[in-house]
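# Architecture and fold: a report
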Amino acid sequence: MKKVFLSLLVLATMFACNAPEKKADVASSEDMEGGSYVSLDDKTAKVKQMIEAYMKNDTTVAHDLVADTLKLYDGFEGRVDSLNNLVASPGGRTEFIKSDLYTHSIFSDITVTLRPGDLKTFTGNNGQVATGYWGIWKGKGKYSNAETKVPLHMILWWKGDKIVQMYRIFDPTTLKAEVAASQKK
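So, a few notes on the structure that sits alongside this text. Nothing here was measured: the structure is a model prediction, and the numbers come from that model.

### Describing the nonpolar core
Counting 30 residues, the largest nonpolar core has Met50, Phe96, Ile163 and Met166 as its most contacted members. Elements that contribute at least two residues to this core include exactly helix H2 (42-55), helix H3 (60-65), strand E2 (66-74), helix H4 (92-106), strand E4 (107-112), strand E6 (129-141), strand E7 (147-159) and strand E8 (162-169). Setting aside anything within four residues of it in sequence, one finds Met50 in contact with Val61, Ala62, Leu65, Val66, Leu156, Ile163 and Met166.

Structure (structure tokens):
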């Protein structure tokens, strides 16, 4: 009797180990804020090209990728309205490109990290697509001679093959200081 019981116990254990695992996860089609991310896709590669071009003071990639009606949101002090919403910078793609060119007029040796993991593209279950960047912006002030390293975080929202919205979060202290130094000379 003990051998039969032991055999049944071993057999039951084997079936339990081979049974498919039941998950209590919500189906991804129901999770409208869920999705997936990748780092080797076309959109991630295009944003990487845009960042690499920016470091060379080349705006042609940005001009091709960014919609002329870009909504640019810089998340720092003074850019939040009374309803706690970020205020878009005026001017769309034209002003975005001008601001990139301006950083090169007051900083030299500009680099932006592009380490593995710094760029990812998210595709939401609701169809939205965004590329995220987390890295470090570095430069040397042309007027202050100060070396600057600033954490930079960006989310670039896509519609088709164009970037239509961009959120940038960084500490503007050194940028403001370099602007002030440029006004003294």
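### Side note on the side chain of Glu178
Residue placement: Glu178 occurs in helix H5 (residues 173-184). Within polar-contact distance, the side chain of Glu178 engages the backbone nitrogen of Tyr143 at 2.7 Å. Setting aside residues no more than four positions away along its own chain, Glu178 makes contact with Ile106, Phe107, Gly141, Lys142, Tyr143 and Ser144.

### Considerations on the pairing of E6
Bridge count for E4 against E6 is four bridges, and the pairing is antiparallel. Bridge assignment links Val112 to a residue of E6, and that residue is Trp137. When strand E5 (residues 119-124) meets E6, the two strands line up antiparallel, connected through five bridges. Residue pairing across strands places Phe122 opposite Ala130, the latter belonging to E6. As consecutive antiparallel partners, E5 and E6 are separated by four residues, and within that stretch Gly127 has a phi angle of approximately 95°, a positive value. Where E6 meets E7, twelve bridges bridge the pair, whose relative direction is antiparallel. When the sheet's bridge partners are listed, Thr131 is paired in E7 with Leu156.

### Quick word on the environment of Asn85
Turning to its location among the elements, Asn85 is positioned in the loop between E2 and strand E3 (88-89). A relative accessible area of 39% means that Asn85 is categorised as partly exposed. Each C-alpha atom, one on Asn85 and one on Tyr73, is 9.9 Å from the other, the two residues being twelve residues apart in sequence. Beyond its immediate sequence surroundings of up to four residues, Asn85 is in contact with Arg79 and Val80.

### Considerations on the environment of Pro90
Within the secondary structure, Pro90 is located in the loop between E3 and H4. Measuring from C-alpha to C-alpha, the distance between Pro90 and Lys71 comes to 7.9 Å, with 19 residues separating the pair along the chain.

### Focus on the pattern of salt bridges
On inspection of all chains with the given rule, the structure shows six salt bridges. A salt bridge links Asp42 to Lys46, with the nearest nitrogen and oxygen atoms 3.2 Å apart. Separated by four residues within a single helix, Asp42 and Lys46 lie in helix H2, roughly one turn from each other. Overall, the relative accessible area of 47% leaves Asp42 in the partly exposed class. Each of Asp74, Asp100 and Arg168 takes part in a single network of salt bridges with overlapping partners.

What counts and what doesn't
Residues numbered from 1 in each chain as written. Predicted model: local features only at pLDDT ≥ 70, side-chain atom pairs only at ≥ 80, totals over all residues. Heavy atoms only, no water. Core = buried A, V, L, I, M, F, W, Y, C linked by side-chain atoms within 4.5 Å. Buried < 20%, exposed > 50% of the residue type's maximum accessible area, 1.4 Å probe, protein only. Helix = DSSP H or I, 4+ residues; strand = E, 2+ residues; numbered from the N terminus. Contact = heavy atoms within 4.5 Å. Polar contact = N/O pair within 3.5 Å; in protein donor to acceptor, adjacent residues only side chain to side chain. Pairing = 2+ DSSP bridges. Salt bridge = Lys/Arg side-chain N within 4 Å of Asp/Glu carboxyl O.

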